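# Coordinate inspection notes
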Amino acid sequence: MFWLIYQYDKYNTVTRILGIDPGSRITGYGIIEETSRGSSRYIASGSIKVKANLFPERLKQIFDGVTEVIALYQPTEMAIEQVFMHKNADSALKLGQARGAAICASMVAGLPVSEYAARQVKQALVGKGGADKSQVQHMVKILLCLQGELQEDASDALGISLCHSHYQQTEQRIKQGSL
């Protein structure tokens, strides 16, 4: 007869990462778990669809939506995409304010926040900073063993989570001197 003995591995810790793809109308979120051994596991993804017409009300809905996601999935860290300059300065300002609402929700919950440029996310997942969205989405599905279609905003948010995971793993290896 075989007995399976589960032994707690204190060196195999789990980090739950919330990735945010901010938007003033749709804010994507993606949550993964990462172990200290380098594996990533899909937890959830979706989007916060803002219904309000007045912009301050939209920001409150983003804040409330991110707060709800944090309460539901209990992440330990958050990663968010940095603002990049659009052709339209007004759009960039609105995007920056949407980011601010999401960041504030994370800070109120006590989560550390990391920020990544879109090129960093693409580089981490695809290997080139100029990759298009379909390539990023394809790699997200491969890395997390997902089937079927993903919402674009949710896929982008999962990509941000994976990017953060990769950067954290690299930082750990450097600290341990194994790189």
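Our structure is the block above this text.
Below: a short report on this structure. Each chain carries its own residue numbering, running from 1 in the direction its sequence is written. Only residues with pLDDT of 70 or above have their local features reported here, since the model is predicted, and side-chain atom pairs are shown and tallied only from 80 upward, although totals for entire chains, interfaces and linings are computed over all residues. Computation of side-chain values covers all heavy atoms of the structure but excludes hydrogens and water.

## Comments concerning the sheet that holds strand S3 (residues 40-49)
- In spatial order, the strands read S3-S2-S1-S4-S5; together these five strands make up an open sheet with mixed pairing. Each of the sheet's edge strands pairs with one partner strand only, and the pair in question is S3 and strand S5 (113-116). Direction aside, the axes of adjacent strands within the sheet are offset by 20° on average.
- Paired strands, in this sense, are two strands between which DSSP finds at least two bridges. Strands are runs of DSSP state E lasting at least 2 residues, helices are runs of H or I lasting at least 4, and numbering of each runs from the N terminus. With four bridges connecting them, strand S4 (residues 77-81) and S5 associate as parallel partners. Bridge pairing in S5 links Ala 79 to Ser 114. Angles here are taken between N-to-C directions and fall from 0 to 180 degrees, while the axes themselves are lines fitted to C-alpha atoms, restricted in helices to the stretch in contact.

## A closer look at the nonpolar core
- Definition used in this section: a nonpolar core is a set of buried Ala, Val, Leu, Ile, Met, Phe, Trp, Tyr and Cys residues joined via side-chain atoms within 4.5 Å. Three labels apply to residues, based on accessible area from a 1.4 Å probe with only protein chains included: buried if under 20% of the type maximum, exposed if over 50%, partly exposed otherwise in between. Counting 21 residues, the largest nonpolar core has Leu 18, Ile 20, Tyr 29, Ile 62 and Val 66 as its most contacted members.
- Of all the elements in the fold, those that place two or more residues in this core are strand S1 (14-21), strand S2 (26-35), S3, helix H1 (55-73), S4 and helix H2 (89-108).
- Per element, the largest residue contribution to this core is six residues, and it comes from H1.
- Residue contacts are defined here by distance: any two heavy atoms, one from each residue, within 4.5 Å place the two residues in contact. Aside from chain neighbours lying at most four places away, what touches Leu 18 is Tyr 29, Gly 30, Ile 31, Val 66, Val 69, Ile 70, Pro 75, Glu 77, Met 78, Ala 79 and Ser 161.

## Concerning the pattern of salt bridges
- Counted as salt bridges are all cases of a side-chain nitrogen of Lys or Arg within 4 Å of a carboxyl oxygen of Asp or Glu. Counting across every chain of the model gives eight salt bridges.
- Here Lys 133 and Asp 156 are joined by a salt bridge, their closest N and O atoms 2.5 Å apart. Within this pair, whereas Lys 133 is found in helix H4 (residues 133-143), its partner Asp 156 is found in helix H5 (residues 152-176), the two being separated by 23 residues in sequence.
- On the basis of relative accessibility, which here comes to 11%, the residue Asp 156 falls in the buried class.
- Of the charged contacts in the structure, one is a salt bridge between Lys 175 and Glu 171, with a shortest N-O distance of 3.5 Å. Here Glu 171 and Lys 175 lie together in helix H5, a separation of four residues that amounts to about one turn.
- According to the relative accessible area criterion, Lys 175 is exposed, its value standing at 61%.
- Judged by its relative accessible area of 39%, Glu 171 falls in the partly exposed class.

By themselves, these figures tell us nothing about what the structure is for.
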